[in-house]
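Chain and residue survey
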Amino acid sequence: QVQLVESGGGLVQPGGSLRLSCAAFNIAFHSYDMGWYRQAPGKQRELVAGITVGGTTTYADSVNARFTISRDNAKKAAFLQMNNLKPEDTAVYYCNAKWGLRGFWGQGTQVTVSL
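A brief report on the enclosed structure follows. (Residues numbered from 1 in each chain as written. Predicted model: local features only at pLDDT ≥ 70, side-chain atom pairs only at ≥ 80, totals over all residues. Heavy atoms only, no water.)

Here the structure, examined in full by the defined rule, presents one disulfide. Linked covalently through their sulfurs, C22 and C95 form a disulfide whose S-S length is 2.0 Å. On the sign convention where negative means left-handed, the S-S torsion of about -75 degrees between C22 and C95 marks this disulfide as left-handed. Of this pair, C22 sits in strand β3 (residues 18-25) while C95 sits in strand β9 (residues 91-99), placing them 73 residues apart in sequence. In this structure C22 comes out as buried when scored by relative accessible area, which is 0%. (Disulfide = S-S within 2.5 Å. Helix = DSSP H or I, 4+ residues; strand = E, 2+ residues; numbered from the N terminus. Buried < 20%, exposed > 50% of the residue type's maximum accessible area, 1.4 Å probe, protein only.)

Shown next as structure tokens:
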């Protein structure tokens, strides 16, 4: 079955960096638009960054110029480089793969930004 496995989360101080990875299994990865979402306690899940099959990227205003999404079709993986992290970036980060009406989610990885 299709699996998306996130990794790279953790605890980091404000101003620090993390790189999240999303490994995809049993999926025609090159056909899927990829996205990173996050959900903080008591808040709705929100789109952080997306990348299409053609490489077009989009970002939430709150992370623009700090986060960079990328993908490696050969490795069937997507990445989220997060720089200058802020306490308000604390959340569970989820990887999403979407193709038409098909969509898959990973299990999430926790990112905590705190002193």
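Okay, the side chain of R38 next. Secondary-structure assignment places R38 in strand β4 (residues 33-39). Residue R38 is classed as buried on the basis of its relative accessible area, which comes to 6%. A distance of 2.9 Å separates polar atoms of two side chains, one belonging to R38 and the other to D89. Setting aside chain neighbours within four positions, we find R38 in contact with Q44, R45, E46, V48, S62, V63, F67, E88, D89, A91, V92 and Y93. (Polar contact = N/O pair within 3.5 Å; in protein donor to acceptor, adjacent residues only side chain to side chain. Contact = heavy atoms within 4.5 Å.)

Let's shift gears to the pairing of β3. By the alternation rule, side chains of β3 split into L18, L20, C22 and A24, which are all buried, and R19, S21, A23 and F25, of which none is buried. Taken together, the six bridges between β3 and strand β8 (residues 77-82) define a ladder with antiparallel strand orientation. Bridge pairing in β8 links S21 to F79. (Pairing = 2+ DSSP bridges.)

Further remarks concern the sheet that holds strand β7 (residues 67-72). The four strands lie next to each other as β1-β3-β8-β7, forming an open sheet whose pairing is antiparallel. The open sheet has two free edges, formed respectively by β1 (3-7) and β7, since each of these has just one partner strand. For this sheet, the mean angle separating the axes of adjacent strands, direction not counted, is 15 degrees. Sheet topology note: the β7/β8 ladder contains six bridges and is antiparallel. Counted as the bridge partner of I69 is L80 from β8. (Axes fitted to C-alpha atoms, helices over the stretch in contact; angles between N-to-C directions.)

Attention now goes to the pattern of salt bridges. A complete count under the given rule lists three salt bridges for this structure. Across the salt bridge formed by E46 and R38, the nearest N and O atoms sit 2.7 Å from each other. With relative accessibility at 35%, the residue E46 sits in the partly exposed group. Through salt bridges that share partners, R38, E46, R66 and D89 make up one connected network. (Salt bridge = Lys/Arg side-chain N within 4 Å of Asp/Glu carboxyl O.)

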